Amino acid sequence: MSESTSSTGTEIQGMPIANIALAEIINEATGQSYYFDTAEKADIKPDLSKGKEDILRVKNRIIAMNRTEDICIGYNVKLTDNTFPPELMCLVDGGTMTSSGYEGPQIGVAVNKTPFTLNLYSEEKDYDSSTIQYVQFSFRHNKGTPVEFKLEDGKFYVPEFESTSRPKKGEKPIYISYVSSLPNSSSSSTGGTTPTTV
């Protein structure tokens, strides 16, 4: 994003951003990174602690208002993928991988889910459709909700993974940064562990 100034104000030129080039999920307990480039859509909505508004009104006249503002306490994320990654089910759904597949969490008891960081990478596009740089959207300390299944004859299964991000004290609910390359283009990964493509 660039800007130019004049005697009357500042003109802002926005960044043309498109696509989900890559999704990255980092297990915050182990540092293991999982990458997948099959994400189709991400619905990200702020979770707000709603403020209140008290109005002092006398007949048809408002005397005063007392208002408290909404406060963002995190984000609710719904990530739609085009494939079924069992490794992510363990983090989001809370179950375990077995030698024959995946098993959901035990029924009837609370599940101690592992928090994870979700990074979504989009592309800033140039006139010729080339990628100038990547824009990283980062949400920390996510905990998933049970995964819904919708299987339909003649159609591919498209899973939706939902999670809630809750920053710790002093942290921000979202971090947006600009990077020149995607994290899976190098051998390094968060926490020094080997990145996994799913």
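One can find the structure itself at the top, above this paragraph.
Just so it is clear, the model here is predicted, and its values are computed rather than measured.

1. Details of the pattern of salt bridges
All chains considered together, the criterion is met by 6 salt bridges. One salt bridge connects Glu160 with Lys78, and the closest N-O pair in it is separated by 4.0 Å. Here Lys78 lies in strand S8 (residues 71-81) and Glu160 lies in strand S13 (residues 160-165), a separation of 82 residues in the sequence. With relative accessibility at 33%, the residue Glu160 sits in the partly exposed group. The exposure class of Lys78 is partly exposed, given its relative accessible area of 27%. Residues Glu123 and Lys125 are paired through a salt bridge, measuring 3.7 Å at the closest nitrogen-oxygen approach. Among the residues examined, Glu123 registers a relative accessible area of 12% and is labelled buried.

2. Quick notes on the pairing of strand S6 (residues 53-58)
Two faces, one strand: in a regular strand the side chains alternate between the faces of the sheet. With 6 bridges connecting them, S6 and strand S7 (residues 61-67) associate as antiparallel partners. Across the sheet, Val58 pairs through a bridge with Arg61, a residue of S7. If you look at the hairpin formed by S6 and S7, you'll find 2 residues sitting between the two strands, and Lys59 has a positive phi there, around 55°.

Definitions and limits used
Residues numbered from 1 in each chain as written. Predicted model: local features only at pLDDT ≥ 70, side-chain atom pairs only at ≥ 80, totals over all residues. Heavy atoms only, no water. Salt bridge = Lys/Arg side-chain N within 4 Å of Asp/Glu carboxyl O. Helix = DSSP H or I, 4+ residues; strand = E, 2+ residues; numbered from the N terminus. Buried < 20%, exposed > 50% of the residue type's maximum accessible area, 1.4 Å probe, protein only. Pairing = 2+ DSSP bridges.

In short, geometric facts, not functional conclusions.
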